[in-house]
Every structure is written in C-alpha cells, then in structure tokens.
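# Remarks on the overall topology
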Amino acid sequence: MPLPRSIATSRASTTIDSLLEPEDRWNPGLGLRDSLEARGIAASEDRSGPVHQALADAFGQANVPVPSAAAPALPVVAPLADTIEIDAGLSSARGGPGGGGGGGGGGGGTSTYTTSVSAYNIRIDFSGTWSVDLQQAFLDSADRLASIIVEDVQDAAIRIKGRVAVVDDISISASLGAIDGVGGILGQAGPTAIRSSGSLDPYLPATATMRFDAADAQSLLAQGSWDEVILHEMFHCVGFGTIWSQLGLVSGSSYVGPAALAAYNAMLPEGTIASGVPLETTGGTGTAGAHWSEAIFGNELMTGYLDSDASAATPDDNALSAMSLAALADLGYGLAADLGSLADPYVLT
C-alpha cells in the first residue's frame, strides 16, 4: 500500500499531542498521524477518562476544542505505607522483582515483560492482540530506558480493586484494540500514579498506561515511526514532561533542570550560556510546556512533533539526544555513567 504523501516531507505539519475528553473528537485526515502526550487523572473515584489523547494529522491542525482548565493532579502513591485506590482498567500493575519476560499473549507476542538489564525494572503488562513486530517496540524501548536509568527506586505499594500490589519500579499497562480506525484517536499514555512527596524518590511514577488504536499502530509501523512513538511515550510514562511542575523544573517557557541545561549549554557556541532550555510554546495543552522547542531542536525525539522516516539516509529522524537523557537525572533517577554512548547522534543546528 503506498504511504501517505506526507511521508515524503521532512516533518509532519501537526503537533504530536493534544488533550481532549472522550466526547471531543476531531475531523480525521488521511496523512501521517503523530504521537501523543500525557494527561494526569484526578485522584477521585471516577478515573475512567483518558490520561492522554492523540489527535494529529499531517495535512493540517486537528479541528478540536482544547480544554481550558488546568490538567488535574496525578494521584499520589505512598511508598509501602498508605495506598491509593487505582482503577485496574487504567493500571493493571502486578509488581514484583525484575527478570525476563512472560509467555503466551495473543498474536504470537508475550503477555508480560520485565526488564533485567539494570536495577531499574520496567514491567509491561500487555492486553489485546499484539503482533510480534508491534510488541517488539515496547520491549526494545523498555530495555533501552532501563539501560539509561540504572539505579533502583523505592518500591511503591498500590491498592487495586482492594488488593495491594508492590511495584518495582514502574508497571506499565499496554493495550491494543479498536478505537476509531486509522486517522482518528491514536490512544492514550502517561503516568496513572506517582510516588508521594515524602518518599525516597518523590513524584517518580509508579504506574502508567499506554493504550493504542490497533489500526493506527499498524499504520505507524508501516511508516517506520512506531518504535519512535513508543520510546517517546515511554519517556513520558517515567516522568519526562509529566512531573516537571511537581519538581519545579519549568520557569515560564524554559526548562531549568540543571543536568539537561548543562547538556544544552554544551551544544551552544563557545561563550554562550543559556539560563534555560527552550520549551515548546505552540500546539496547545499537552504539547506546549512538556517538550523541547521544535523550532530550536528540530528532529530531537522529545520535541512535540514527529519527523517522518522518509529516507534510510537519515536514520535518526527523531534522535534521542544526551540532553533528553540528562533530563531523567533532573527527575531524580540514577543514570548510567556512559550516557554519551547511549544517546543518538544529534547536532543542534
């Protein structure tokens, strides 16, 4: 099947992210659909709403209403003490020590996978019918992330439907199913519970969800962008752009975390010292303020826009730079010593 004409361009024309309630919809287009960003859910009894809705189209901005109210706070999970009720429909956490993957999911994939490459454990619980190719992006992204974040974080106890489970270190619920077909809503992703301010690792996410429309997933896989979408969204699941406000890492339209700021300054011409990393200011809630500036950083993976994989000559259309890795240190994670070797080649132009 021929790819959409937008693949031939160097960049999709719309934002990766927008936030909508379930009843809000947009006019679907035919082109490359971008990724999605995280939205917190209120710590209330009803948590059936989306954590995050993706609504982009390569032929123009999505024609949708954007909520004007500030995003609600994420529920807080106390470490091994007081717990908070979490709807298992959004978080199917089944915490436990790391090591290896599980067996027998639909479509030839696995039902559960836990990283074992470092002391930081990422557990993924899959539901729905997954092809091996679609699932492999999750496994690869989780392994890569666990090779970047290498230190253990404090276990968190959560109560799910009256049962207490221990999460070590994050549990992600990944689901795939029918939503509205190609070109509509891609899905939802982001943290569903974060550690309390009084824990040893304040605000670091304990559980998260990544849910996708099966038709859109196949389309992104065919376009060569699926793996980049998954890595982008998994970064949000562990806190990139989603817990910055809790940690005081944003000032106006700049990111001021010291590690990522130092990495940014290392890219600048000698003698130039910035006081903050420029953040995206366009795209509405869910894009603005939660990503690096597209105008400044272009093809960096953690901008709010997705580049098309148009040519084998540009394998790093969405490069994960050392600056994005350093931002994880600002969140409080213990990172690998050789970060430079774990980042993609990236040059600020």
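Residues numbered from 1 in each chain as written. Predicted model: local features only at pLDDT ≥ 70, side-chain atom pairs only at ≥ 80, totals over all residues. Heavy atoms only, no water.

### Examining the overall build of the chain
This is how the line gets drawn: Helix and strand definitions here come from DSSP, where helices need a minimum of 4 consecutive H or I residues and strands a minimum of 2 consecutive E residues; each element is numbered from the N-terminal end. When a residue's accessible area, from a 1.4 Å probe over protein chains only, is under 20% of the maximum for its type it is buried; when over 50% it is exposed; and in between it is partly exposed. Here a residue-residue contact requires only that any non-hydrogen atoms of the pair lie within 4.5 Å. Shrake-Rupley sampling with a 1.4 Å probe provides the accessible areas, and residues are treated as covered by the protein chains on show and by no other component.
Of regular secondary structure, the chain possesses eight helices and 12 strands. Counting every position in the chain, which comprises 349 residues, the buried fraction comes to 54%. Taking the contacts inside the chain whose residues are at least 6 apart along the sequence as the reference set, 70% of them involve residues at least 24 apart. When the accessible area of the chain is evaluated, it comes to approximately 13,300 Å², of which 53% is carbon and sulfur surface.

### Thoughts on the packing of helix α1 (residues 132-148) against helix α3 (residues 226-237)
Heads up, the condition is: Each axis is a line fitted through C-alpha atoms, and for a helix only the stretch in contact is used; angles between axes span 0 to 180 degrees, taken between their N-to-C directions. Convention used here: angles under 35 degrees read as roughly parallel, angles over 145 as roughly antiparallel, angles from 65 to 115 as roughly perpendicular, and any remaining angle as oblique. If you view the pair so one helix is near and one far, a crossing is left-handed when the near helix is turned anticlockwise from the far one by less than a right angle, and right-handed when it is turned clockwise.
One way to put it is that α1 packs onto α3 with a least axis distance of 9 Å and a crossing angle of 45°. Here α3 runs oblique to α1, going by the angle between their axes. In the crossing of α1 with α3, the sense of the turn from one axis to the other is right-handed. Counting all contacts with α1, which are made through D133, L134, A137, F138, S141, A142, R144 and L145, the residues of α3 involved are W226, D227, I230, L231, M234 and F235.

### Things to note about the nonpolar core
Test applied: Put simply, buried Ala, Val, Leu, Ile, Met, Phe, Trp, Tyr and Cys residues joined by side-chain atoms within 4.5 Å make one nonpolar core.
Among the nonpolar cores identified, the biggest contains 68 residues, and F138, W226, W292, L328 and Y333 are the most heavily contacted of them. Apart from residues lying up to four places away in sequence, F138 is in contact with I124, F126, W130, A174, M210, F212, W226, I230 and M234.

### Regarding the environment of V182
Here V182 is to be found in the loop between β7 (170-177) and β8 (187-195). On the accessibility criterion, V182 (53% relative accessible area) is exposed. For the pair V182 and Q218, spaced 36 residues apart in sequence, the C-alpha to C-alpha distance is 8.8 Å. Contacts of V182, omitting those with residues within four sequence positions, involve A215, D216 and S219.

### Topic: the confidence of the model for the chain
For the record, the criterion: The quantity known as pLDDT measures the predictor's confidence residue by residue, on a range of 0 to 100.
Model confidence for the chain is summarised by a mean pLDDT of 72, while 66% of its residues fall at 70 or above. Considering only residues more than four positions removed or in separate chains, one finds that residues 1-72, a stretch of pLDDT under 50, has 225 contacts. Predicted confidence is poor over residues 78-106, with pLDDT under 50, and the contacts of this stretch with residues over four places away or in other chains come to 99 contacts.

### Some remarks on the environment of W292
As for its placement among the helices and strands, W292 is situated in the loop between β12 (277-278) and α6 (294-297). Given a relative accessible area of 0%, W292 falls into the buried group. Between the C-alpha atoms of W292 and L279, which are 13 residues apart in sequence, the distance is 4.4 Å.

### Some thoughts on the pairing of β7
Applied cut-off: Pairing between strands is defined by DSSP: at least two bridges between them are needed.
Within β7, seven of the eight residues are buried, leaving the element largely enclosed by the surrounding structure. Sheet analysis places strand β4 (residues 122-128) next to β7, joined by seven bridges and oriented parallel. Each bridged residue has a counterpart across the sheet, and for F126 the counterpart in β7 is A174. Two strands pair when backbone bridges link them, and β7 and strand β9 (residues 205-213) are joined in this way by seven bridges, in the parallel orientation. Its bridge partner being in β9, S173 is matched across the sheet by T209.

### A look at the sheet that holds β12
Spatially, β10-β11-β12 is the arrangement adopted by the three strands of the open sheet, whose pairing is antiparallel. The open sheet terminates on both sides in strands that have one partner only, identified here as β10 (250-251) and β12. Pairing of strand β11 (residues 254-255) with β12 involves two bridges; the strand directions are antiparallel. Among the inter-strand pairings, S254 is bridged to a residue of β12, identified as P278.

### As for the packing of aromatic side chains
For any pair of aromatic rings, the description consists of the separation of the ring centres together with the inter-plane angle of the planes. Rules: Ring geometry is summarised as follows: Phe, Tyr and Trp rings, the Trp one being its six-membered ring, pair when their centres sit within 6.5 Å, and such pairs are stacked at plane angles under 30 degrees, edge-to-face over 60 and tilted between the two.
Summed over all chains, the structure comprises 15 aromatic pairs. Where F126 meets F138, the ring centres are 5.6 Å apart and the plane angle is 80°; that geometry is what we call edge-to-face. Of this pair, F126 sits in strand β4 while F138 sits in helix α1, placing them 12 residues apart in sequence. Here F138 falls in the buried class, since its relative accessible area comes to 0%.

### What to know about the pattern of salt bridges
Going by this rule: A side-chain nitrogen of Lys or Arg and a carboxyl oxygen of Asp or Glu constitute a salt bridge if their distance falls within 4 Å.
Enumeration according to the criterion identifies two salt bridges in this entry. Between D125 and R123 there is a salt bridge whose closest N-O contact spans 3.2 Å. The exposure class of D125 is buried, given its relative accessible area of 8%. In this structure, R144 and D344 form a salt bridge, with 2.9 Å as the shortest nitrogen-oxygen distance. With R144 in helix α1 and D344 in the segment after α8 (339-342), the pair connects residues that are 200 residues apart, well separated along the chain. Given the relative accessible area of 25%, R144 is considered partly exposed.

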